[in-house]
Amino acid sequence: MKILLIFFTFYLISDAVRCFSVTGYSGGSILVDSGKLWFSDSAKYLVKHDPWRTIINYKKHSEWTSEGRFLLFHNRYGKLMIFVRELNTQDAGRYRIRVLNKWYIDITLNVKKDSCCVVLKKVVVNSGETATFSCEYSHNHINDAKVIFKERQNSIDTCNEEARFSISDDRHHNVFSVRITAVTPDDGGVYLCGVWDYRQSYSISTTVHLHIMTKVGVSRVSGYSGGGLMIKCEHPQYKTKPKYICKESDGCLERKNPGVQDEWMENGDVSLYDDTTAGVLMVFFRELKAADAGTYRCGVNVSDYTESFSELQLSVKHDAKYLQNVIESVYLGGEVNICQIPEEHKVHFCKEDDNHICQNISSSKVTQMSGSSERNEERVFTVSISNVSVRDAGVYWCGAETRDTYLTFISLTTKIQLNLIMAPVVRLEGESAEIICPYDSIYNSKPKSLCKGKCSIRDRNPLSETVREEKETKTDRLTLKDDVTASVFTGTITGLTAEDAGKYWCAVTLETDLNYLYTHLMVIMNEELNLTKYEGDDVSIQCKHHDEDQKSFCKAHEASMCVKDGVSLETIRDDRFSFSDEASTGVFTVNITDLREEDSGIYWCGAHITTKVSLKVNMDFSLLNIISLCSTLLLIGGFAVTVCKEMSS
């Protein structure tokens, strides 16, 4: 920008003062200083002739009056000043300052285009340090005096007489340097570099935006690659001021901020929350990477030209032993422990929301949540959830909290996906099965889906269909119905076949599906095996399976008892039991050797597709005869005992 400051001394001769001509430059500004007038208490206003129209009505002594880009100042001692910002060619013309509706001053303003020396600079310096910047000027002003002005709110002041300000002139390069020592936040703002020319005016050649940074502290922050990290930067004295975080390696050019206060927002690979109630900026790194390491500024914009920040030195460690990725499954209404942290650390426990942001859980919101400290040999702090409900399902993080003067950070090293299990649904081949899915009432208006097997958006089983609020979706054998009053949707499958058996997920469809609630559908085949064997015999039982990972041979009165904690029980752990698998045929064989009478009972052959096997093991007939004979002869006396021993040997 280029600004021309012109000082005049006016002498009133009659009803008018002669006209003065001043020149400014397009894109710059101009200041006209009248000196002292005789009419110190008179009303004044500025008008322009094109035709005559009022630009500013002066309102109060010793205060600047602003109207758009125009400012007018007059004090009780008769000093009058006019300032115009950002000149353009339309500003050129004749202006008149009226005094008492009788006396006036006419000024003709010329606006020229001149690219010489018009420079806009940004200078950033830390509070307490020395700020230095240079100002270019035209060769025509080598011998003219140099001056520095500062723009304030709707006013400008000269800074030459302040002790902390100094100017040194390098006439060989047409540059003068300005030095400000021991800067404070109050020094931030816009400075104007000027030279005094022979027309009794100041020509402004350079505009400098001086930004003052105040560093309030330095903190060392550490996390683990692949883990989460929550950083809380505290600015309690600037609660409502906008806050940001940036990385110094790129000069803090990319400043990440929420954009909206009091609301979580994503910005690149981090999520941010500007809490205006507490004056805290929360920054959540969802998954730390090596590239995240470095020095950051966690700051607040105190004003347009002043900032306060904490310096964060973030290190990212690469040690897999400190990271855990856990999947926990618990039945609805049950209890589960989801993290254990050594007692010397303060435990941080949070749950991801739908946007994968990890926030603190308040006990007032989720009454099932409770932390309990139990001293044992390992001295750990355990977080448990009791009376688990559908609202509790999801992804949790556990970590240790570290507190500093202006900052709190939580390194999250344990990720827990908490899945909820419903009791298995067991039906016979050909029957109908109802899968009942409760959900959190906050998802009433969201579409629901019933998924079999893998249930991501990319890998959706063909059986999957969706249903929206209180509507019914029906295919040939599948009906989905949503009851938003009860917050339950139901999937009904008719004419069950072996292919219908498996693991089913109840999903709420958002940008990414929420799949944390599942059940097992077990289809009992109509064919039933009834086997009778004798003790000491061997037996081979062929079982069908739909999934190679779901092979089991379970002894139980009911098929549903073969599912515990959501996992199908494997075969009985006994050396006499063995598997042989023919994967291509969809059949596996269970071999039992040296049968015993206690092996008798009901078995379920297969996991989701299961066949009922009734096995009866009788004692060997010849052995029964020997025992019967020995019992009879025992009544005769000692000789009979000897015979039994010989016969059984």
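These numbers were taken from a predicted model, which means no experiment stands behind them.

Concerning the nonpolar core
One finds F349, I385 and L521 to be the most contacted residues of the largest nonpolar core, which totals 53 residues. A per-element tally of this core places strand 42 (residues 514–534) first, with six residues. In contact with L521, not counting residues within four places along its chain, are V425, A433, I493, L496, D500, A501, G502, Y504 and H608.

Digging into the sheet that holds strand 43 (residues 539–544)
Hydrogen bonds between backbone groups are what pair the strands of a sheet, and the pairing can be parallel or antiparallel. Taken in spatial order, the three strands of this open sheet run 43-48-47, and their pairing is antiparallel. Every interior strand has two partners, whereas the edge strands, strand 43 and strand 47 (577–582), have only one. Taking each pair of neighbouring strands and ignoring which way they run, the sheet shows an average axis angle of 25°. Pairing of strand 47 with strand 48 (residues 587–592) involves six bridges; the strand directions are antiparallel. Across the sheet, residue S578 finds its bridge partner in strand 48, namely N591.

Some thoughts on the sheet that holds strand 15 (residues 165–170)
Across the sheet, three strands lie side by side as 12-16-15; this open sheet has antiparallel pairing. Edge positions in the open sheet fall to strand 12 (131–136) and strand 15, since each of these has one partner strand only. Between one strand axis and the next, the sheet turns by 20° as a mean value, whatever way the strands run. In this sheet, strand 16 (residues 175–180) lies alongside strand 15 in antiparallel orientation, the contact comprising six bridges. Looking at strand 16, one finds that D169 is bridged to F176.

Overview of the state of the cysteines
Throughout the structure, instances matching the rule amount to six disulfides. Between the sulfur of C135 and that of C193 lies a disulfide, 1.9 Å long from S to S. With C135 in strand 12 and C193 in strand 17 (residues 189–197), this pair connects stretches of sequence that are 58 residues apart. Judged by its relative accessible area of 0%, C193 falls in the buried class. Note that C437 is cross-linked by a disulfide to C506, the S-S spacing being 1.9 Å. On the sign convention where negative is left-handed, the bridge of C437 and C506, at about -60° about the S-S bond, is left-handed. Taken together, the residues C437 in strand 35 (residues 433–438) and C506 in strand 41 (residues 502–508) connect sequence positions 69 residues apart. Residue C437 shares its accessibility class with C506, and that shared class is buried.

Here's the deal with the pairing of strand 22 (residues 270–275)
Burial runs high along strand 22: six of the six residues are buried. Residues V270, L272 and D274 point to one face of strand 22 and S271, Y273 and D275 to the other, with burial holding for every one of them. As paired elements, strand 21 (residues 265–267) and strand 22 share three bridges and run antiparallel to each other. Across the sheet, residue N267 finds its bridge partner in strand 22, namely V270. If you look at the hairpin formed by strand 21 and strand 22, you'll find two residues sitting between the two strands, and G268 has a positive phi there, around 70°. Where strand 22 meets strand 23 (residues 280–285), six bridges bridge the pair, whose relative direction is antiparallel.

Focus: unusual backbone geometry
It is generally the case that most residues other than glycine have a negative phi and that most peptide bonds are trans. One non-glycine residue, N174, adopts positive backbone phi at about 55°. Note on placement: N174 falls in the loop between strand 15 and strand 16. Given the relative accessible area of 19%, N174 is considered buried.

Remarks on the environment of C193
C-alpha separation for the pair C193 and S205, spaced twelve residues apart in sequence, amounts to 5.8 Å. Not counting chain neighbours up to four residues away, the residues in contact with C193 comprise F133, C135, V147, I148, F176, S203, I204, S205 and T206.

Some details on the packing of aromatic side chains
Enumeration according to the criterion identifies nine aromatic pairs in this entry. Relative to Y296, the ring of F285 lies with its centre 6.2 Å away and its plane at 80°, an arrangement referred to as edge-to-face. Within this pair, whereas F285 is found in strand 23, its partner Y296 is found in strand 24 (residues 294–301), the two being separated by eleven residues in sequence. The exposure class of F285 is buried, given its relative accessible area of 5%. Judged by its relative accessible area of 9%, Y296 falls in the buried class. Ring geometry for F553 and Y603: centres 4.8 Å apart, planes at 10°, overall stacked.

Focus: the pattern of salt bridges
Per the counting criterion, the structure on display carries 20 salt bridges. The shortest N-O distance in the salt bridge between D106 and R94 comes to 2.6 Å. You can see D106 sitting in strand 10 (residues 103–112) and its partner R94 sitting in strand 9 (residues 93–99), a full twelve residues away along the chain. Here K215 ties to E311 by a salt bridge, and the two come within 3.3 Å at their closest N and O atoms.

Quick notes on the environment of Q313
Within the secondary structure, Q313 sits in strand 25 (residues 306–317). Accessibility expressed as a relative area gives 27% for Q313, which makes it partly exposed. Separated by 93 residues in sequence, Q313 and R220 have C-alpha atoms that sit 4.8 Å apart. Sequence-distant contacts of Q313, defined by excluding residues within four places in its chain, comprise V218, S219, R220, V221, G294 and T295. Reaching out from Q313, the side chain makes a polar contact with the side chain of E311 at a distance of 3.1 Å.

Parameters at a glance
- Residues numbered from 1 in each chain as written.
- Predicted model: local features only at pLDDT ≥ 70, side-chain atom pairs only at ≥ 80, totals over all residues.
- Heavy atoms only, no water.
- Core = buried A, V, L, I, M, F, W, Y, C linked by side-chain atoms within 4.5 Å.
- Buried < 20%, exposed > 50% of the residue type's maximum accessible area, 1.4 Å probe, protein only.
- Helix = DSSP H or I, 4+ residues; strand = E, 2+ residues; numbered from the N terminus.
- Contact = heavy atoms within 4.5 Å.
- Pairing = 2+ DSSP bridges.
- Axes fitted to C-alpha atoms, helices over the stretch in contact; angles between N-to-C directions.
- Disulfide = S-S within 2.5 Å.
- Phe/Tyr/Trp six-rings, centres within 6.5 Å; stacked < 30°, edge-to-face > 60°.
- Salt bridge = Lys/Arg side-chain N within 4 Å of Asp/Glu carboxyl O.
- Polar contact = N/O pair within 3.5 Å; in protein donor to acceptor, adjacent residues only side chain to side chain.

This is a description of form; function is not addressed.
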